[in-house]
Amino acid sequence: MLRPSYLYVVNGGREAHTPYSLISVIDTNSAKKLRDIQIPSDHVEAIVLEKSGPRLFMNITGQNTVGVMDRNKSELSAKWPLPSDDKLNVAMAFDEANHRLFVVTRNPGKLIVLNSDDGKVIAELPAVGMVDDAAYDAQHKRIYLAGDGFLDVFEQKDADHYALLAKIPGAFRAKTGILVPELNRYYLAVPHPRGKEAEVRVYDIQP
């Protein structure tokens with residue numbers, strides 16, 4: 001018998017002209033939608049799943065908060081507001097072993113480290129603007145942020161202390177990337193404005 005394998009997809013909201021967003025739960029074994037979970041905001045962005053428990057974390061961008069949902073109950077169990085000056089939380093990554101949630105805002109560009117148990121702010125650092133993606137590298141203890149023009153690499157000194165390790169030139173509107181730990185590489189999608197061809201840039205992770 002196949003183990004349940006679920007895919008969580010954010011949809012609805014502003015693009016669908018609805019005052020709420022949906023997280024649709026898809027059974028990938030049967031390719032069937034199981035249910036829609038309604039989130040009371042028209043702008044929801046990145047989500048990450050807890051492996052050791054039932055929680056799902058999401059950026060409720062329209063409210064500048066982080067939502068915590070129990071996947072078994074399909075309802076929000078907590079909402080953690082960001083500091084008052086931090087808005088447009090779009091990207092998110094998770095260090096489950098150290099109970100640290102990484103939230104990235106666009107206004108201003110900032111990396112915010114939260115305690116994933118209670119939402120307490122642990123650290124705040126300036127970061128590249130217009131970020132779309134964030135990735136946590138558990139092997140090298142780094143966080144990668146793909147933004148508009150640069151790829152920021154932050155070092156995790158320990159669970160409570162972080163520093164900018166490198167600011168690598170990217171490209172105009174290149175803000176979608178993925179870390180593949182098995183290959184020790186980071187891939188950055190570069191679009192094709194200004195008459196240039198689109199490309200995928202490959203970065204080898206250095207020790």
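Residues numbered from 1 in each chain as written. Predicted model: local features only at pLDDT ≥ 70, side-chain atom pairs only at ≥ 80, totals over all residues. Heavy atoms only, no water.

1. Regarding the overall build of the chain
- In terms of helices and strands, the chain carries zero helices and 18 strands.
- Taken over C-alpha atoms, the radius of gyration comes to 17 Å for the chain, in line with the 17 Å a tight globule of 207 residues would show.
- Taking the principal axes of its C-alpha atoms as reference, the chain extends roughly 40 × 40 × 40 Å.
- Counting across all 207 residues of the chain, residues that qualify as buried make up 44%.
- Partitioning the intrachain contacts of the chain with sequence separation of at least 6 by distance along the chain shows that 33% fall at a separation of at least 24.
- If you sum the accessible surface of the chain, you get close to 11000 Å²; carbon and sulfur atoms cover 52% of it. (Helix = DSSP H or I, 4+ residues; strand = E, 2+ residues; numbered from the N terminus. Rg over C-alpha atoms; globule rule 2.2 N^0.38 Å. Buried < 20%, exposed > 50% of the residue type's maximum accessible area, 1.4 Å probe, protein only. Contact = heavy atoms within 4.5 Å. Areas by Shrake-Rupley, 256 points an atom, 1.4 Å probe, with all protein chains shown as cover.)

2. Looking at the pairing of strand S5 (residues 55-60)
- Of all six residues that make up S5, six are buried, and the element is covered over most of its length.
- The alternating pattern of S5 places Arg-55, Phe-57 and Asn-59 and Leu-56, Met-58 and Ile-60 on opposite faces, both of which are buried.
- Where strand S4 (residues 47-49) and S5 come together, three bridges link them in antiparallel fashion. Along S5, the bridge assignment pairs Val-48 with Phe-57.
- In terms of strand pairing, S5 meets strand S6 (residues 65-70) through six bridges, oriented antiparallel. (Pairing = 2+ DSSP bridges.)

3. Description of the pairing of strand S12 (residues 133-137)
- Taking burial as the measure, the five residues of S12 include four buried ones, the bulk of the element.
- Both S12 and strand S13 (residues 142-146) contribute to a ladder of five bridges, which runs antiparallel. Of the residues in S13, the one forming a bridge with Asp-133 is Ala-146.
- Following S12, the chain reverses through four residues before pairing antiparallel with S13; Lys-141 in that reversal takes a positive phi of roughly 55 degrees.

4. Examining the nonpolar core
- In terms of nonpolar packing, the biggest core is built from 17 residues, with Phe-102, Val-104, Leu-111, Ile-143, Leu-145, Phe-154 and Tyr-162 touching the most fellow members.
- With near-sequence residues (within four places) excluded, Phe-154 lies in contact with Leu-111, Leu-125, Pro-126, Ala-127, Lys-141, Arg-142, Ile-143, Leu-145, Ala-163, Leu-164 and Leu-165.
- Counting residues in hydrophobic clusters, the runner-up holds 13 residues, among them Ala-135, Val-153, Ala-171 and Leu-179. (Core = buried A, V, L, I, M, F, W, Y, C linked by side-chain atoms within 4.5 Å.)

5. Digging into the packing of aromatic side chains
- Tallied over the full model, the rule gives five aromatic pairs.
- Pairing Phe-102 with Tyr-136 gives two aromatic rings, centres 5.4 Å apart and planes at 35 degrees, and the pair type is tilted. Within this pair, whereas Phe-102 is found in strand S9 (residues 100-107), its partner Tyr-136 is found in strand S12, the two being separated by 34 residues in sequence. Neither Phe-102 nor Tyr-136 differs from the other in exposure class; each is buried.
- Feature note: the residues Phe-57, Trp-80 and Phe-94 constitute an aromatic cluster, connected by ring pairs.
- Sitting over the ring of Phe-150, Lys-167 keeps its end group 5.2 Å from the ring centre. (Phe/Tyr/Trp six-rings, centres within 6.5 Å; stacked < 30°, edge-to-face > 60°. Lys NZ or Arg CZ within 6 Å of the ring centre and 35° of its normal.)

6. Focus: the sheet that holds strand S3 (residues 32-39)
- Taken in spatial order, the three strands make up an open sheet running S1-S2-S3, and their pairing is antiparallel. With partners counted over all chains shown, the strands left at the sheet margins are strand S1 (6-12) and S3, one partner each. Ignoring which end each strand starts from, the neighbouring axes of this sheet average 25 degrees apart.
- Strand direction decides the pairing type here: strand S2 (residues 21-27) and S3, joined by seven bridges, are antiparallel. Counterpart to Ile-26 in the pairing with S3 is Lys-33. (Axes fitted to C-alpha atoms, helices over the stretch in contact; angles between N-to-C directions.)

7. Remarks on the environment of Gln-139
- As for its placement among the helices and strands, Gln-139 is situated in the loop between S12 and S13.
- Taking the C-alpha atoms as reference points, Gln-139 and Asn-184, separated by 45 residues in sequence, lie 9.5 Å from one another.

So far we have only geometry, and geometry alone does not tell us how the molecule works.
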